[in-house]
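# Residue-level structure breakdown
This is what each chain is made of:
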There are 2 protein chains.
Amino acid sequence: MPEISHAIGIGELARRTGCQPETVRYYERIELLENTLRTEGGQRRYDERAVRRLTFIRHARDFGFSVDAVRELLAMSDQPDMSCQEVDAVAKHHLEEVESRLQRLSALRDELRRMVSQCDGGKVESCRIIEVLSDHQLCISETAHKGAHDFG
Amino acid sequence: MPEISHAIGIGELARRTGCQPETVRYYERIELLENTLRTEGGQRRYDERAVRRLTFIRHARDFGFSVDAVRELLAMSDQPDMSCQEVDAVAKHHLEEVESRLQRLSALRDELRRMVSQCDGGKVESCRIIEVLSDHQLCISETAHKGAHDFG
DNA sequence: CTTGAACCTGTAGTTGCTACAGGGATTATG
DNA sequence: CATAATCCCTGTAGCAACTACAGGTTCAAG
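Here the structure is a predicted model, which is why all the values come from computation and not from measurement.

Attention now goes to the overall build of chain A. Across its full length, chain A holds seven helices and two strands. The order of helices and strands in chain A, counted from the N terminus, is α-α-β-β-α-α-α-α-α. Relative to its full complement of 152 residues, chain A shows a buried share of 41%. The contacts in chain A between residues at least 6 apart in sequence include a share of 50% that link residues at least 24 apart. As displayed, chain A has an accessible area near 8700 Å², and 44% of this comes from carbon and sulfur atoms.

Pasting the structure below:
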């Protein structure tokens, strides 16, 4: 057993950052985390710096930042003397995206509510939900067909 | 040229339903659309029924229903005499999901707004955005780490 | 008959992980 | 020291719902 003091295994790193070992290995593979020390037997060992970095990553992901955005944020956070304008820009851009998704999602909710409320529990033949979905005149698809699964 | 009257090609079907030929072929592959007639040369030809079915599918997708949900809805809409209780259940379930996503997304927006508003444009060193992301005490990850990318 | 647009199949890429299979390493216990 | 339990390794494949080719064929118009 090589002398790597204060070093933890991938399992504890994962536990302490609220993710899974597979995710850590995945982050290493896509170079979001750098290669770390290994024991003689080839097992990964991490220090506190790694814990902090992964914590940052997980928080940013929880905030909905894409992996690419996280990469940028990490690069910036490594340059303490830089102006944080760019950080701000990344965050604002993300906020805008979230706001636009929110708008579309809430429009969708309204449509769904209307649809559901008009169903009278009769037969499929005359079901308002089926009708709405079949309707050729519906306009939602025109505004949304470019990013349908971007709602959710 | 075989006699297939009133038949359209995959391109026009796609155009009329607001999607792409690749998507139509994809739907056929996953058996959301059934195999259709082919010309002698092997090209697909569609009729009005196919247009209606694909319209239905696209609308349901635009409403955010999963492909599996669409499959169910399609099966139901093929049984006009059935009670539409099940249709209603699928739609309501989906509405609930949308509403819960909305809630999480708007909580996220609030967090992001707060974060962005606290950035004073100074240096990265003291950037509030970076600080928030680095913070070990943050609780959002506890509520969200199970479904982070389920926000959007 | 020739041209050009539309179409074909099959495969791989996208995003961000997650889930194995089939092994090896480490650690705790007897 | 032996063994068992637990951890860890690599590599690959899967998820959702498409999208994007490459490399070739067919169709419809002139």
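The next subject is the packing of helix α3 (residues 48-62) of chain A against helix α4 (residues 67-77) of chain A. Residue and element names in this part refer to chain A. At their nearest, the axes of α3 and α4 sit 10 Å apart, and the two run at 135 degrees to each other. Regarding the angle of α3 to α4, the classification is oblique. Here α3 and α4 pass one another in a crossing that is right-handed. Judged by residue contacts, R53, F56, I57, A60 and R61 of α3 engage V67, V70, L73, L74 and S77 from α4. When grouped by side-chain class, the residues that make up the contact of α3 with α4 number seven nonpolar, one polar and two charged.

Turning next to the protein's contact with DNA strand C. The immediate surroundings of DNA strand C are formed by 20 residues, with T23, Y27 and R61 of chain A together with R25 and R44 of chain B found nearest. Counting only the atoms of DNA strand C within 4 Å of the protein, the fraction contributed by sugar and phosphate is 81%. A distance of 3.0 Å is found between a phosphate oxygen of DNA strand C and a side-chain nitrogen or oxygen belonging to T39 of chain A. For the surface near DNA strand C, the secondary-structure elements that each account for two or more residues are α2 (21-29) and α3 of chain A together with α1 (10-17) of chain B. Top contributing element to the surface near DNA strand C by residue count: α2 of chain A, with four residues. Among the residues making up the surface near DNA strand C, the classes are represented as four nonpolar, ten polar and six charged.

With 63 residues of chain A at the contact, the number on the chain B side is 62 residues. The largest contributions to the chain A side of the interface with chain B come from D62, F63 and L133 of chain A, which together make up 14% of the buried area. At the junction of chain A and chain B, the tally comes to two salt bridges. A salt bridge links E99 of chain B to R113 of chain A; the shortest N-O distance between them is 2.6 Å. For the pair chain A and chain B, the number of links is 14 residue pairs in polar contact (both at pLDDT 80 or more). Mapped by element, the contributors of at least two residues to the side of chain A that touches chain B are α3, α4, α5 (85-117), α6 (128-134) and α7 (140-144) of chain A. Element by element, the count of residues in the side of chain A that touches chain B is highest for α5 of chain A, at 19 residues. Residue composition of the side of chain A that touches chain B, by class: 32 nonpolar, 16 polar and 15 charged.

Cut-offs and rules
Residues numbered from 1 in each chain as written. Chains lettered and ligands numbered in written order. Predicted model: local features only at pLDDT ≥ 70, side-chain atom pairs only at ≥ 80, totals over all residues. Heavy atoms only, no water. Helix = DSSP H or I, 4+ residues; strand = E, 2+ residues; numbered from the N terminus. Buried < 20%, exposed > 50% of the residue type's maximum accessible area, 1.4 Å probe, protein only. Contact = heavy atoms within 4.5 Å. Areas by Shrake-Rupley, 256 points an atom, 1.4 Å probe, with all protein chains shown as cover. Axes fitted to C-alpha atoms, helices over the stretch in contact; angles between N-to-C directions. Parallel < 35°, antiparallel > 145°, perpendicular 65-115°, else oblique. Left-handed = near helix turned anticlockwise from the far one by under 90°. Nonpolar A, V, L, I, M, F, W, Y, C, P; charged D, E, K, R; others polar. Near = heavy atom within 4 Å. Polar contact = N/O pair within 3.5 Å; in protein donor to acceptor, adjacent residues only side chain to side chain. Buried area = accessible area lost by both parts, 1.4 Å probe. Salt bridge = Lys/Arg side-chain N within 4 Å of Asp/Glu carboxyl O.

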